[in-house]
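Residues per chain, in single letters:
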Amino acid sequence: MRSLEEQRLEDLRQIKDRIKTGIISYDFEEYAAFYNFSNEHINKKYSQIDFTNYHTALTVLSSGDHAFNAIYQGIDNVDTFDVNRLTEYYALGFKKRAIECLTFEQFCTLYSKRDRMDLEDEVIKNMDDEYKKFWEAYKYELKCLGEEIPTVLYWTKAIMYPHGHDYNAYLNDEQTYKHLQKRLEVAKISFAQANITELPSKFGTYDFIELSNILTYQHKIFSHNVKKNTTKLVTDIYDHNLNGFGTMLYQTGGTIVGDNPLALYVPRRLKRAKKIFDKNNSEDWIYGLQKGGRK
């Protein structure tokens, strides 16, 4: 097993090789393209949850928005996971630091205008060393290839800036943005490269668990017995990782099965699953499980 320093060096080597060959995966792999923002209605679903007594969370990292919204709601300690190592460098290295060191207006400009390289460089200048080295090497390699705009967002899966009350609470206006900035001063976020199937064995217990839409891709996660294995995974995470009185959101969106999307993956003894959103919009299906009601 590599040390953290050895892993950082390996990540740099991998990113340089991929830039030179021009090959980057857009699938879910250890080194792959990443999303700059989530397109889920995160604030819409989180506003329906009472976070008052919740202090710890486990969430997929992806663009970082699930973690940032959980922190916005009052979570102080967030552990994140993702199979893609580049999500750490983007979400925790670049995007988190952008929120911390840029004004609301500057942050909006960073993600909405083509002429933003001075803001990118300012964020990178203020990063922790391990992230700074990564992004400086990344941009240097792009420049060597003749890339006109060697931007951090070069490998994003989709260039989007979802705004409005349903998406990200911290982007509603200047005041909500400043609220997240203050929360980030005290909240802690960690990252571990992991597949969703490793959660029960690699992680502890949490008040809040967010799995986003990962289980939409259950046929890529499991090569056989998909229904059985997905049901077991949901159950194992519930049993091993969710604290008493905790909430686990295990599926967002996906294919509707009859009148009950993905309810097939909830075993009988966990029939506390509840639908939160409008069944007429499959993108808004959210399924969750709670342990023992509320405190």
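Structure: above.
What comes next is a walk through the structure. Keep in mind it's a predicted model, so treat the numbers as computed, not measured.

About the cut-offs
- Residues numbered from 1 in each chain as written.
- Predicted model: local features only at pLDDT ≥ 70, side-chain atom pairs only at ≥ 80, totals over all residues.
- Heavy atoms only, no water.
- Helix = DSSP H or I, 4+ residues; strand = E, 2+ residues; numbered from the N terminus.
- Buried < 20%, exposed > 50% of the residue type's maximum accessible area, 1.4 Å probe, protein only.
- Contact = heavy atoms within 4.5 Å.
- Areas by Shrake-Rupley, 256 points an atom, 1.4 Å probe, with all protein chains shown as cover.
- Core = buried A, V, L, I, M, F, W, Y, C linked by side-chain atoms within 4.5 Å.
- Phe/Tyr/Trp six-rings, centres within 6.5 Å; stacked < 30°, edge-to-face > 60°.
- Lys NZ or Arg CZ within 6 Å of the ring centre and 35° of its normal.
- Salt bridge = Lys/Arg side-chain N within 4 Å of Asp/Glu carboxyl O.
- Lys, Arg positive; Asp, Glu negative; His and termini not counted.
- Expected span 1.5 Å × (residues − 1).
- Axes fitted to C-alpha atoms, helices over the stretch in contact; angles between N-to-C directions.
- Parallel < 35°, antiparallel > 145°, perpendicular 65-115°, else oblique.
- Nonpolar A, V, L, I, M, F, W, Y, C, P; charged D, E, K, R; others polar.

### Overview of the overall build of the protein chain
Right, so step 1: Within the protein chain one finds eleven helices and seven strands.
Right, so step 2: Here the protein chain holds 295 residues, and the buried ones make up 53% of them.
Right, so step 3: For the protein chain, the share of sequence-separated contacts (at least 6 apart) that also reach a separation of at least 24 residues comes to 73%.
Right, so step 4: For the protein chain, the accessible area works out to roughly 14000 Å², and carbon and sulfur atoms hold 47% of it.

### Describing the nonpolar core
Right, so step 1: Core analysis: the largest hydrophobic core is formed by 61 residues, its most contacted members being Y90, F94, F107, Y111, W135 and Y170.
Right, so step 2: Those elements that place two or more of their residues in this core are α1 (4–21), α2 (42–46), α3 (65–72), α4 (86–101), α5 (104–112), α6 (117–125), α7 (129–144) and α8 (174–186).
Right, so step 3: Ranked by the residues each element gives to this core, the list is headed by α4, at eight residues.
Right, so step 4: Discounting residues that sit within four places of it in the chain, W135 has contacts with F34, Y89, Y90, F94, I124, M127 and V152.
Right, so step 5: By size, the runner-up hydrophobic cluster in this structure holds 24 residues, among which are A194, I214, L215 and Y238.

### Some remarks on the packing of aromatic side chains
Right, so step 1: Under the definition given, this model contains 23 aromatic pairs.
Right, so step 2: A ring pair is formed by F37 and Y111, whose centres lie 4.7 Å apart and whose planes are at 70°; its orientation type is edge-to-face. Separated by 74 residues along the polypeptide, F37 in the loop between α1 and α2 and Y111 in helix α5 bring together distant segments of the chain.
Right, so step 3: Judged by relative accessible area, F37 falls into the buried class, the value being 0%.
Right, so step 4: Ring pairing ties together the aromatic residues F34, Y89, Y90, F94, Y131, F134, W135, Y138, Y154 and W155, which thus form one cluster.
Right, so step 5: For the cation-ring pair, K95 lies above F37, with the distance from its terminal atom to the ring centre recorded as 3.9 Å.
Right, so step 6: Seen from the ring of F28, K157 lies directly overhead, with NZ or CZ sitting 4.2 Å from the centre.

### Remarks on unusual backbone geometry
Right, so step 1: A positive phi angle, close to 55°, is found at S212, a residue other than glycine.
Right, so step 2: Mapped onto the elements, S212 comes out in the loop between β4 (206–210) and α10 (218–221).
Right, so step 3: By relative accessible area, which is 4% here, S212 ends up buried.

### Examining the pattern of salt bridges
Right, so step 1: Evaluated as defined, the whole model comprises 20 salt bridges.
Right, so step 2: Between E120 and R116 there is a salt bridge; the shortest N-O distance is 3.8 Å. For the residue pair E120 and R116, the accessibility class agrees, reading buried in each case.
Right, so step 3: In this structure, E174 and K178 form a salt bridge, with 3.4 Å as the shortest nitrogen-oxygen distance.

### As for the side chain of K291
Right, so step 1: Here K291 lies in the segment after β7 (286–290).
Right, so step 2: Buried within the structure, K291 lacks any salt-bridge partner; D239 is the closest side chain of opposite charge, at an N-O distance of 5.3 Å.
Right, so step 3: Not counting residues up to four positions away in its chain, the partners in contact with K291 are Y238, D239, L242, N243, G244, F245 and G246.

### Considerations on α7
Right, so step 1: Along its 16 residues, α7 runs 22 Å from first to last C-alpha, staying within 8% of the 22 Å computed at 1.5 Å per residue.
Right, so step 2: Considered for burial, the residues of α7 that qualify are Y131, F134, W135, A137, Y138, K139, E141 and L142.
Right, so step 3: The inward-facing, buried residues of α7 contact α1, α4 and α6.
Right, so step 4: Just beyond α7, the residue with positive phi is G146, at close to 90°.

### As for the packing of α4 against α6
Right, so step 1: The N-to-C vectors of α4 and α6 enclose an angle of 100°; their axes lie 9 Å apart at closest approach. Relative to α6, α4 is oriented roughly perpendicular. Contacts between α4 and α6 involve F94, R97, A98 and C101 from the former and E120, V123 and I124 from the latter.
Right, so step 2: Residue composition of the contact of α4 with α6, grouped by class: five nonpolar, no polar and two charged.

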